[in-house]
Amino acid sequence: MFKRVEKKYIAFLVLIIFVMGILYLYFINQRTNIMKVAFLDVGQGDSIFIQAPNGAQMLVDGGRGSRVISALGKVMPFGDRSIDVVIGTHPDADHIGGLVDVFNMYEVDNFIEPGATSKSKIYKTLEGKIEEKKIPHILGRAGMKIYLDKESNVYFDILYPDVVDVSRWETNDASIVGKLVYGNTSIMLTADSPTNKENYLIYKNSKILDVDILKLGHHGSRTSSSVQFLKATSPQLAIISAGLNNSYGHPHKEVLDNIGNLDIPYMATYDKGTIVCQSNAVKIICK
Ligand SMILES: [Zn+2]
């Protein structure tokens, strides 16, 4: 039926399709067992992008200004213009400042916040943007588990706040603290939570505080990361999200001494730029 040349051509085509199929399955499998967590280089502030094995995404804070947008562009899949969940841990400008641009650039399905308020202009602008875009938002409270990927058991376990109303609280005190879990691996995100809240968490949850990675509270300020909390979380790696030569002197020497004394290595965004960690549910590696 087919000429000899045509047969060769068809065989070649079949081979190509077969190889492409194998490559496709390979990359799909790559995608399906890796959780990516990127501590974005946003200068003096926090912004952490998480992508579960199923592709679901969460952004915890947006730094200050619009740096988050270019940082996200480098870690998100090409052309991706949506994020499933955004958390604003507390209403300080170095955490929520960039979220206005995030809401302008990305379709966001849910917004989670502690309910602490601020008189700042950026807070009012963000409130207006959430209203304008009609983004469903809820108050994050201890006991909530945000499942990003049920099949792979990837979730963000909110540990704090555990009270109903924090609207009049000092903003750092109201910080949403949570533990991101994938299989046997976990990362503690403490926003700018101060040592008295760390102590409270030890008192309340000491058994579940142990993690692989701890993002040091408040950009490595001496107001967070007590020795007790470092011991309770016992991270293999600490991450510091802070700007180079920032005016607060973050990270403070006392904190670097504390982690040094406990032999906890650290990586900092002011030194490495965006730090990308990958977990396969057994082990996390950060670069
Ligand atoms: Zn901060």
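Residues numbered from 1 in each chain as written. Predicted model: local features only at pLDDT ≥ 70, side-chain atom pairs only at ≥ 80, totals over all residues.

Draft legend 1. Just the domain arrangement of the protein, in detail. Each domain of the protein was delimited in the assignment, giving domain 1 (1–32) and domain 2 (34–286). Of note, the centres of domain 1 and domain 2, computed from C-alpha atoms alone, are 44 Å apart. (Domains from an automatic or database assignment.)

Draft legend 2. Quick look at the environment of Asp271. Assignment of secondary structure puts Asp271 in helix 9 (residues 269–272). Note on Asp271: 11 C-beta atoms within 10 Å, which makes it exposed. Expressed as a C-alpha distance, the spacing of Asp271 and Asp41, which sit 230 residues apart in the sequence, is 9.6 Å. (Helix = DSSP H or I, 4+ residues; strand = E, 2+ residues; numbered from the N terminus. Buried ≥ 20, exposed ≤ 12 C-beta atoms within 10 Å, placed from the backbone.)

Draft legend 3. Here's a closer look at helix 6 (residues 195–205). Lys197, Glu198 and Leu201 are the residues of helix 6 that are buried. Viewed end-on, helix 6 has its buried residues packed into an arc of 105°, placing them on one side of the element. Structural note: helix 6 exposes Asn196 and Tyr203 on the side pointing more than 90 degrees away from its buried face. Buried-residue contacts for helix 6 involve strand 8 (154–160), strand 9 (177–182) and helix 7 (227–233). (Arc of directions from axis to C-beta. Contact = placed C-beta atoms within 7 Å.)

Draft legend 4. Representation of the sheet that holds strand 8 in the model. Taken in spatial order, the 7 strands make up an open sheet running 7-8-9-10-11-12-13, and their pairing is mixed. Two strands close off the open sheet at either side, each with one partner strand: strand 7 (145–149) and strand 13 (266–268). Pairs of neighbouring strands in the sheet enclose a mean axial angle of 20°, with direction left out of account. Sheet topology note: the strand 11 (residues 213–215)/strand 12 (residues 237–240) ladder contains 3 bridges and is parallel. When the sheet's bridge partners are listed, Ile213 is paired in strand 12 with Leu237. (Pairing = 2+ DSSP bridges. Axes fitted to C-alpha atoms, helices over the stretch in contact; angles between N-to-C directions.)

Draft legend 5. Inspection of the environment of Ala38 at higher detail. By the element assignment, Ala38 lies in strand 1 (residues 35–39). Once the C-alpha coordinates of Ala38 and Gly65 are considered, the two residues, 27 residues apart in sequence, prove to be 18 Å apart.

Draft legend 6. Quick look at the nonpolar core. Grouped together as the largest cluster of nonpolar side chains are 66 residues, with contacts concentrated most on Leu40 and Ile48. For this core, the leading source of residues is strand 8, giving 5 residues. (Core = buried A, V, L, I, M, F, W, Y, C linked by C-beta atoms within 7 Å.)

Draft legend 7. Region of interest: the pairing of strand 3 (residues 57–60). Burial along strand 3 is two-sided: the face carrying Gln57 and Leu59 and the face carrying Met58 and Val60 are both buried. Strand direction decides the pairing type here: strand 2 (residues 48–51) and strand 3, joined by 4 bridges, are antiparallel. Bridge pairing in strand 3 places Ile48 opposite Val60. The antiparallel pairing of strand 2 with strand 3 creates a hairpin that spans 5 residues between the two strands, and Gly55 there sits at a positive phi of about 100°. One ladder, built from 3 bridges, connects strand 3 with strand 4 (residues 82–87); its direction is parallel. Bridged to Leu59 within strand 4 is Val86. For the segment spanning strand 3, helix 2 (residues 67–75) and strand 4, crossover handedness is right-handed. (Right-handed = clockwise from strand over helix to strand, strands pointing away.)

Draft legend 8. Quick peek at helix 2. Residues of helix 2 that are buried: Arg67, Val68, Ala71 and Leu72. Seen along its axis, helix 2 keeps its buried residues to an arc of 125°; they face one direction. Structural note: helix 2 exposes Ser70 and Gly73 on the side pointing more than 90 degrees away from its buried face. Contacts made by the buried residues of helix 2 are with strand 2 and helix 4 (99–105).

Draft legend 9. Geometry of unusual backbone geometry. In this chain, Tyr160 is followed by Pro161 through a cis amide linkage whose omega measures 5°. Within the fold, Pro161 resides in the loop between strand 8 and strand 9. Cis geometry is adopted by the peptide bond preceding Pro251, which originates at His250 and carries an omega value of -5°. Relative to the helices and strands, Pro251 resides in the loop between strand 12 and helix 8 (253–261). One non-glycine residue, Ser225, lies in positive phi territory at about 60°. Note that Ser225 resides in the loop between strand 11 and helix 7. The phi dihedral of Ser234 is positive, around 35°, even though this residue is not glycine. Overall, Ser234 belongs to the partly exposed group, with 13 C-beta atoms counted inside 10 Å.

Draft legend 10. Representation of the sheet that holds strand 5 (residues 107–113) within the structure. Judged by pairing direction, the sheet is mixed, and its 8 strands sit side by side in the order 6-5-4-3-2-1-14-15 without closing on themselves. If you trace the sheet from one side to the other, it starts and ends with strand 6 (137–139) and strand 15 (284–286), each paired once. Adjacent strand axes in the sheet meet at a mean angle of 20° when their direction is disregarded. As paired strands, strand 1 and strand 2 are joined by 4 bridges and run antiparallel to one another. Of the residues in strand 2, the one forming a bridge with Phe39 is Ile48.

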